[in-house]
Amino acid sequence: MLPDALIDRLRTARRIGVITGAGISAESGIQTYRGVGGLYDDPERGDRTVEALSAETVLSDPDRTWRVLAELARMAADAEPNAAHHALVEMEARAEAFTILTQNVDGLHAAAGTRNLIEIHGNIRNARCTRCPHRVRFEREDLMALDGTPPCPVCRSGLRPDAVLFGEMLPEREVAAMYRAFHVQPPEVVLWIGTSALFPYILDPLFTAQRHGNVTVEVNLERTDLSAEVDFALTGRAGDLVPAIAAVFGRDAAPECP
Ligand SMILES: [Zn+2]
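Just so you know, these numbers come straight off a predicted model, no measurement behind them. (Residues numbered from 1 in each chain as written. Predicted model: local features only at pLDDT ≥ 70, side-chain atom pairs only at ≥ 80, totals over all residues. Heavy atoms only, no water.)

Concerning the overall build of the chain
Reasoning step 1: Secondary structure assignment for the chain yields eleven helices and nine strands.
Reasoning step 2: For 258 residues, the compact-globule estimate of 2.2 N^0.38 gives 18 Å, and the chain sits close to it at 19 Å.
Reasoning step 3: Summarising its shape, the C-alpha atoms of the chain cover approximately 55 × 45 × 30 Å along the three principal directions.
Reasoning step 4: By residue count, 50% of the 258 residues in the chain fall in the buried class.
Reasoning step 5: Only carbon and sulfur atoms are counted for the fraction: they give 50% of the accessible area of the chain, which is about 12,600 Å².
Reasoning step 6: Taken together, the 26 basic and 37 acidic charged side chains of the chain have centroids lying 5 Å from each other. (Helix = DSSP H or I, 4+ residues; strand = E, 2+ residues; numbered from the N terminus. Rg over C-alpha atoms; globule rule 2.2 N^0.38 Å. Buried < 20%, exposed > 50% of the residue type's maximum accessible area, 1.4 Å probe, protein only. Areas by Shrake-Rupley, 256 points an atom, 1.4 Å probe, with all protein chains shown as cover. Lys, Arg positive; Asp, Glu negative; His and termini not counted. Charge placed at Lys NZ, Arg CZ, Asp CG, Glu CD.)

Quick look at the structure:
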């Protein structure tokens, strides 16, 4: 299933950085708003979702943002981590350094047991007050039941999602964590799963890996804009390919230097 040249590189690697997007969650039954395997077979519905989850709408009509978030939570209610999420946990246990940077807000990596996780877009269950410093983490059921803006339990102002909405800046703390994980001591293997969006934070790890001669691998259902840039573009299901990668990763790695 994997090319021999990739297997050789994986066997001796100890440090891996992983970047995941909607494609890995799609295999858990979470629909994406856009793109391959995506939602909304009805693109107009996808566009309305994106608009509701935007920087403008959360200011002008926060009830609409919250209703769409509640709907997304209901659609994802039965989603569980899949074989790809679990294989990544297995790799983390064996790695000297391991980081997942995810664009997903569904919490499936954390649910699977990943420890070193950067949720670059935040988490759908987190909210923060628009007036005071209070933060809230919703139970899934409470989020699903929302019909409009929930009040802050401390000051009664409206809460807003503590996730990065369309048109908003990435959170500084997560960006700094990404920099440490992918630049300060670059991983020997960088693996993209279920994402092809060429955002700067997706491309930066690619260019860093290339400068250091580290290996770059993509797992997507079909070829993407990223495919021409990486060393190995693997097409197929993450649930098949990521366990195959985990099976060989670090098997022949030299012991850690004291
Ligand atoms: Zn408050």
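Regarding the coordination of the zinc ion
When a metal holds four donors in a tetrahedron, each ideal angle between them is 109.5 degrees; when it holds six in an octahedron, the ideal angles are 90 or 180 degrees.
Reasoning step 1: The zinc ion binds to the protein through Cys-129 (SG), Cys-132 (SG), Cys-152 (SG) and Cys-155 (SG), with metal-donor distances spanning 2.3 Å.
Reasoning step 2: In this structure, the zinc ion is coordinated by four donor atoms arranged in tetrahedral fashion, with angles at the metal of 97 to 118°.
Reasoning step 3: Sequence spacing of the donor residues for the zinc ion, all on one chain, is C-x2-C-x19-C-x2-C. Residue Cys-129 is found in strand β4 (residues 122-129), and its partner Cys-155 is found in the loop between α8 (140-145) and β6 (159-163); the two are separated by 26 residues along the sequence. (Donors = N, O, S within 2.8 Å, 3.2 Å for Na, K, Ca; no water. Tetrahedral: all angles 85-135°; square planar, octahedral: opposite > 155°, others 65-115°.)

Concerning the layout of surface pockets
Reasoning step 1: Considering only enclosed or pocket space, the second largest pocket measures out at about 410 Å³ in volume.
Reasoning step 2: Forming the walls of the second largest pocket are 18 residues, and the residues nearest its centre are Arg-128, Arg-135, Asp-162, Pro-171 and Glu-174.
Reasoning step 3: Within the residue set of the lining of the second largest pocket, elements represented by two or more residues are β3 (117-119), β4, β6 and α9 (172-184).
Reasoning step 4: Residue composition of the lining of the second largest pocket, by class: seven nonpolar, three polar and eight charged.
Reasoning step 5: When residues of the lining of the second largest pocket are assigned to domains, at least three map to each of domain 1 (4-30 + 81-121 + 170-248) and domain 2 (31-75 + 126-163). (1 Å grid on protein atoms, 1.4 Å probe; cavity = no way out; pocket = protein on both sides within 12 Å on 5 of 7 lines; lining within 4 Å. Points joined across faces, edges and corners; volume = space filled by probe spheres on them. Nonpolar A, V, L, I, M, F, W, Y, C, P; charged D, E, K, R; others polar. Domains from an automatic or database assignment.)

Observations regarding the environment of Gly-122
Reasoning step 1: Residue position: Gly-122 is located in strand β4.
Reasoning step 2: Since its relative accessible area comes to 15%, Gly-122 is described here as buried.
Reasoning step 3: In this structure the C-alpha to C-alpha distance between Gly-122 and Pro-171, which are 49 residues apart in sequence, comes to 8.3 Å.
Reasoning step 4: When near neighbours in sequence (up to four residues on either side) are disregarded, Gly-122 contacts Asn-104, Val-105, Asp-162 and Ala-163. (Contact = heavy atoms within 4.5 Å.)

A closer look at helix α5 (residues 62-75)
Reasoning step 1: Helix length check: α5 (14 residues) gives 20 Å between terminal C-alpha atoms against 20 Å at 1.5 Å per residue, within 8%.
Reasoning step 2: Every buried residue belonging to α5 is among Thr-65, Trp-66, Val-68, Leu-69, Ala-70, Leu-72 and Ala-73, and all of these are buried. (Expected span 1.5 Å × (residues − 1).)

With respect to unusual backbone geometry
Note: most peptide bonds trans; most residues except glycine with negative phi.
Reasoning step 1: One non-glycine residue with positive phi stands out, namely Arg-156, at about 70°.
Reasoning step 2: Within the secondary structure, Arg-156 sits in the loop between α8 and β6.

Comments concerning the packing of helix α6 (residues 83-94) against helix α11 (residues 238-248)
Reasoning step 1: Their axes nearest at 8 Å, the elements α6 and α11 cross at an angle of 15°. Taken together, α6 and α11 sit at an angle that is classed as roughly parallel. Considering only the axes of α6 and α11, their crossing is left-handed. Seen from α6, the contacting residues are Ala-83, Ala-84, Ala-87, Leu-88, Glu-90, Met-91 and Arg-94; seen from α11, they are Ala-238, Gly-239, Val-242, Pro-243, Ile-245 and Ala-246. (Axes fitted to C-alpha atoms, helices over the stretch in contact; angles between N-to-C directions. Parallel < 35°, antiparallel > 145°, perpendicular 65-115°, else oblique. Left-handed = near helix turned anticlockwise from the far one by under 90°.)

What about the nonpolar core?
Reasoning step 1: Residues Leu-2, Ile-16, Leu-88, Met-91, Ile-193 and Leu-234 are the most contacted members of the largest nonpolar core, which totals 30 residues.
Reasoning step 2: Contributing elements (two or more residues each) for this core: α1 (4-12), β1 (15-20), α6, β2 (97-102), β7 (189-193), β8 (215-220), β9 (232-235) and α11.
Reasoning step 3: In terms of residue count, α11 provides more of this core than any other element does, seven residues in total.
Reasoning step 4: In this structure, Ile-16 is in contact with Met-91, Ala-95, Ala-97, Phe-98, Thr-99, Pro-187, Val-189, Leu-191 and Phe-249, ignoring residues within four places of it in sequence.
Reasoning step 5: In this structure, Ala-52, Leu-53, Val-68 and Val-136 belong to the second largest nonpolar core, which totals 20 residues. (Core = buried A, V, L, I, M, F, W, Y, C linked by side-chain atoms within 4.5 Å.)

Observations regarding the sheet that holds β8
Reasoning step 1: Read across the sheet, six strands follow the order β3-β2-β1-β7-β8-β9 without closing on themselves; strand pairing throughout is parallel. Across the chains shown, the open sheet's two edge strands, defined by having one partner strand only, are β3 and β9. The sheet shows a mean angle of 15° between the axes of neighbouring strands, direction not considered.
Reasoning step 2: Bridge analysis of β7 against β8 gives five bridges, and the strand direction is parallel. (Pairing = 2+ DSSP bridges.)

A short note on the domain arrangement of the chain
Accessible area lost when the parts come together is the quantity often used to give the size of an interface.
Reasoning step 1: Here the chain is described as being made up of domain 1 (4-30 + 81-121 + 170-248) and domain 2 (31-75 + 126-163).
Reasoning step 2: Taking only C-alpha atoms into account, the centre of domain 1 sits 26 Å from that of domain 2.
Reasoning step 3: Contacts between domain 1 and domain 2 engage six residues on the former and four residues on the latter.
Reasoning step 4: Buried surface at the junction of domain 1 and domain 2, summed over both partners, amounts to about 540 Å²; 60% is from carbon and sulfur atoms.
Reasoning step 5: Where domain 1 touches domain 2, the interface holds zero salt bridges.
Reasoning step 6: In this assembly, domain 1 and domain 2 are joined by zero residue pairs in polar contact (both at pLDDT 80 or more). (Buried area = accessible area lost by both parts, 1.4 Å probe. Salt bridge = Lys/Arg side-chain N within 4 Å of Asp/Glu carboxyl O. Polar contact = N/O pair within 3.5 Å; in protein donor to acceptor, adjacent residues only side chain to side chain.)

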